[in-house]
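Summary of the model geometry
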Amino acid sequence: IPVDSFDLVIFGGTGDLARRKILPGLFRRFRSGQMPAEARIIGAARSEMDDAGYRQMIREAIAEFGSEEKQDTAGIDAFVERLHYVAIDATGEGGWHQLRDLMRDGVIRAFYFSVAPSLFGALAERLHQHGIADASSRIVVEKPFGRDLASAKALNATLAEHFDESQIYRIDHYLGKETVQNLMAVRFGNVLFEPLWNSHYIDHIQITVAETVGVTGRGSYYDKSGAMRDMVQNHLMQLLCLIAMEPPSIYDADTVRDEKLKVIRALQPVEPHQIVRGQYEASAEGPSYREDAENPRSFTESFLALKCHIANWRWAKVPFYIRTGKRMKARSSEIAVVFKDLGHTIFEGDTARHRNILSIRLQPNEGMDLQVTIKEPGPGGMRLVDVPLDMTFADALGPDQDAPDAYERLIMDVIRGNQTLFMRGDEVEAAWAWTDPIIEGWEARNDVPKLYDAGSAGPEDAMMLMHRDGRRWREIKG
Ligand code: BG6
């Protein structure tokens, strides 16, 4: 469905995210007919450039970062006609009058802050001062949203000076992923799972987001963040919320976000022995983290595994094990819900442990499988065997050529005014409130990450985190 007409201003419009994700994504939405005829995108950045220069830059970006749509030269020609450019000085006066004169009345105004968070305040203030933003405008901000609770609160306060919470769209691109939204469909669209979704039937839950990429080229950012700030505080926290939250009464922005917030607030503090930090070292599979990050003395974690508990009735004593890492053996994100053992077996001689496991593959090879126990065929009596009831979404539904990627979907949601898949300010703060003491503990102890080989499944200690509870991680396979 096409959205209402809009003027979307991208501050940082010449930057990496704009060229790699935002503009190629908008082009795909344009091709699929979702962008209304007069919608415009206005790049704003420091460098001097005219519309023609910007259009050429975005042509090249689509050629470099787009997929098959980059062959559509006629489409690209039509798309870049929608682009404009204003050279702007975020902290000074230059360019703001031109921007104001360019904006049209009667269309949705959205402002994407694809710039360093230190500029958010200056941008918000100038948008108001020059009468460019009004009460119906929207702003979009990217992670990192702060680096601890204090800085996140300060950012929220800065934005709140000029914008109402209902105008602020904090992006966590994991929420824009089809399979992440599918977590809610699976839980709340089936009668089968929800009755079992609690401590009576679930032994534990595992969340894995393993990546094969290292931190080459972005060491200066990553080395100051590490896996906790870069992945756990946001993306993995969101996955945890969607798996653990109570059913919202309706699928609506604040109702869903209220339920997620309750989960974060119920997270117990994590003890040092329940966390393993790791850093990859060079192997036949690749260079070391320190080489990638260009910091030979770095103690930043490129891997994190932890065990946590949610202190509420539903999840009493159910551990959540979560892990994420760079340069691991395969790219694989999966959530596994491991059900409890049978309380009693009627099959004499069957001593094996049979467990139902629901695993949801977020990427790649999106799908889900349910491990079920059946009779092993043959005359040997009632011998049991565990087999997967496996569904790959692309097989079940057919490949969807036009499926929007996370950014495209989220930007269209901004224009639609739908905040369901965006983080609310209090959610982000609650996530930092849980993360802060963990990071402070590492700093106070001068914690040194455990080494793991590039291309492996992470440090040995991460295996132990589970083994000592009599459990084990699922295999990481791409
Ligand atoms: C980003 C992190 O937010 O998410 C990156 O900063 C990470 O370090 C990326 O690689 C992972 O996203 P995806 O969509 O590739 O799983």
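Figured I'd write up the structure that's included with this text. (Residues numbered from 1 in each chain as written. Predicted model: local features only at pLDDT ≥ 70, side-chain atom pairs only at ≥ 80, totals over all residues. Heavy atoms only, no water.)

**Considering the packing of aromatic side chains**
Summed over all chains, the structure comprises 16 aromatic pairs. Consider the rings of Phe 11 and Phe 111, whose centres lie 6.4 Å apart with planes at 20°: the pair is stacked. With Phe 11 in strand β1 (residues 6–11) and Phe 111 in strand β4 (residues 108–113), the pair connects residues that are 100 residues apart, well separated along the chain. With respect to class, Phe 11 is no different from Phe 111; both count as buried. Measuring from ring centre to ring centre gives 5.8 Å for Phe 11 and Phe 113, while their planes differ by 70°; the resulting arrangement is edge-to-face. One end of the pair, Phe 11, is in strand β1; the other, Phe 113, is in strand β4, with 102 residues separating them in the sequence. Neither residue differs from the other here; Phe 11 and Phe 113 are each classed as buried. A connected cluster of aromatic rings, assembled from ring pairs, spans Phe 11, Trp 96, Phe 111, Phe 113 and Phe 120. Above the face of the Tyr 174 ring, Lys 177 is positioned so that its terminal group lies 4.7 Å from the ring centre. (Phe/Tyr/Trp six-rings, centres within 6.5 Å; stacked < 30°, edge-to-face > 60°. Helix = DSSP H or I, 4+ residues; strand = E, 2+ residues; numbered from the N terminus. Buried < 20%, exposed > 50% of the residue type's maximum accessible area, 1.4 Å probe, protein only. Lys NZ or Arg CZ within 6 Å of the ring centre and 35° of its normal.)

**Considerations on the sheet that holds β4**
Spatially, 6 strands are ordered β3-β2-β1-β4-β5-β6 in an open sheet, and the strand pairing comes out parallel. Among the strands making up the open sheet, the edge pair consists of β3 (83–87) and β6 (168–170). For this sheet the average axis-to-axis angle between neighbouring strands, irrespective of direction, equals 20°. In the sheet, β1 pairs with β4 via 6 bridges, with the strands oriented parallel. In the strand pairing of β4, Leu 8 is matched with Ala 110. Taken strand by strand, helix α5 (residues 120–129) contacts β1, β4 and β5 (138–141), and its axis lies near 160° from that of β4. This element, helix α13 (residues 406–416), spans β1, β4, β5 and β6 of the sheet and lies at about 140° to β4. (Pairing = 2+ DSSP bridges. Axes fitted to C-alpha atoms, helices over the stretch in contact; angles between N-to-C directions. Contact = heavy atoms within 4.5 Å.)

**Overview of the sheet that holds strand β7 (residues 202–210)**
Read from one edge to the other, the open sheet built from 9 strands follows the order β14-β13-β12-β11-β7-β10-β9-β8-β15, with strand pairing classed as mixed. The open sheet has two edge strands, β14 (384–392) and β15 (450–453), and neither has a second partner. Averaged over neighbouring strand pairs, the angle between their axes works out to 20° when direction is ignored.

**Some words on the site of the ligand**
Near the ligand the following residues occur: Lys 143, His 173, Tyr 174, Lys 177, Glu 211, Arg 218, Asp 230, Met 231, His 235, Lys 326, Arg 331 and Gln 363. Between an oxygen atom of the ligand and a side-chain N or O atom of His 173, the distance comes to 2.8 Å. At 2.5 Å, a side-chain N or O of Glu 211 approaches an oxygen atom of the ligand. No other element matches the 3 residues that helix α9 (residues 226–244) contributes to the shell around the ligand. (Near = heavy atom within 4 Å. Polar contact = N/O pair within 3.5 Å; in protein donor to acceptor, adjacent residues only side chain to side chain.)

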